[in-house]
Amino acid sequence: MEGDIAAMGAYLGAGFSAIGMGLAGIGVGNVAANFLSGALRNPAAAGEQTATLFIGIAFAEALGIFSFLVALLLMFAV
Amino acid sequence: MATPTDGELFAIHPMDQFAVESLSGHGGPAGLAGIGMFTNQMLWLAITVLAIAALFVLGSRGRAMVPSRIQSVGELMYGFIYKMVEDVAGRDAIRFFPCIMTLFTFILFANLLALIPTSFSITSHIAVTGVLAMLVFLGVTVLGFILNGAKFLKLFWADEAPLALRPVLAVIELISYFVRPVSHSIRLGANLMAGHAVLKVFAGFAGGLAVLTYGPGAIVPIVAISAMYGLELLVAVVQAYVFTILTCVYLKDALHPGH
């Protein structure tokens, strides 16, 4: 019984940590949207900055990945 | 592999596709069962390496002035990565170009081969991406200390910040430095794993709806699978690109730690 409650808590926590992925999605969307609005103002300079765009997206995404990591830890390691 | 029984006809097992299985029976003696075993993972690792070798051996065989199709694919990839290393990591990082090119081609081919139906996706395993990321992390750290000595630690000491803030920033920088291999590996592995699991879930829907509606209901999930598959192709290429470009960024930190 006690183990069941602990397992329920772990699974609930894993589910809640999925919220973090949505927040990371907002962050990645912000990066891409700002890049696009900047690129449309000055298309000539946009091509060189795609590498920066991907680096920015990768860093924004990294924190969403940690929520996935928390979910994995709760489900398989705790 | 799970075989559907009466109670779980519509059960979907999206994670079964990632199981590492032996193709050659059981390996060594008890306790050492892993030794001498040929798994599906090893098979697809070998196919990946052979595919890369085939592309570049065949592509560089003719060395024609007007490139053949396969030669121009090889040249495009080479030029793309060369320019990326030059732009992101700087001119003096060109001597590490072979390593970065190897990383990129390996991840790209592994990602793309994983999209063949019934194949095994090696880069969706954190064990594989973790080794790649640890390799980059340890390599870059050792390289930074060899090239710069103790000056490499200036990476964590922001000179332009106010003096009171510097220790705080140093702690944050130190944490973010050691988190790099974690995010670097899980980004690739989780993206691939999630994509393949989604494809499998939709495939399960298609099977269930085909049984329930005697056929036509399966059209919707199949269209969805096709769309997801296109997205997965994009993800496969973009994730290989992101892994490589982050390697270049880390390499730049090792070569020029003073920001």
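Residues numbered from 1 in each chain as written. Chains lettered and ligands numbered in written order. Predicted model: local features only at pLDDT ≥ 70, side-chain atom pairs only at ≥ 80, totals over all residues.

For chain A, the name recorded in an unreviewed UniProt entry is ATP synthase subunit c, with Pontivivens nitratireducens as its organism. Quoted verbatim from the Sequence similarities (unreviewed entry) field of UniProt, the annotation for chain A is "Belongs to the ATPase C chain family." (UniProt positions renumbered as here; feature names shortened; annotations may be inferred.)

## Examining the overall build of chain B
Broken down by element type, chain B carries six helices and zero strands. Taking 2.2 N^0.38 as the reference for a compact globule, 259 residues should give roughly 18 Å; the C-alpha atoms of chain B span a radius of gyration of 23 Å, well beyond that estimate. Counting only C-alpha atoms, chain B reaches 70 × 55 × 50 Å along its principal axes. Taking all 259 residues of chain B together, 24% fall into the buried category. (Helix = DSSP H or I, 4+ residues; strand = E, 2+ residues; numbered from the N terminus. Rg over C-alpha atoms; globule rule 2.2 N^0.38 Å. Buried ≥ 20, exposed ≤ 12 C-beta atoms within 10 Å, placed from the backbone.)

## Describing the packing of helix H3 (residues 97-113) of chain B against helix H6 (residues 219-255) of chain B
Residues and elements named next belong to chain B. Contact geometry for H3 and H6: axes closest at 8 Å, N-to-C directions at 160°. When the axis of H3 is compared with that of H6, the two are roughly antiparallel. Crossing hand, H3 versus H6: right-handed. Taken together, the residues of H6 that come into contact with H3 (itself represented by Ile 100, Leu 103, Phe 104, Ile 107, Leu 108, Asn 111 and Leu 112) are Ala 236, Val 237, Gln 239, Ala 240, Phe 243, Thr 244, Thr 247 and Cys 248. Across the contact of H3 with H6, the residue classes break down as eleven nonpolar, four polar and no charged. (Axes fitted to C-alpha atoms, helices over the stretch in contact; angles between N-to-C directions. Parallel < 35°, antiparallel > 145°, perpendicular 65-115°, else oblique. Left-handed = near helix turned anticlockwise from the far one by under 90°. Contact = placed C-beta atoms within 7 Å. Nonpolar A, V, L, I, M, F, W, Y, C, P; charged D, E, K, R; others polar.)

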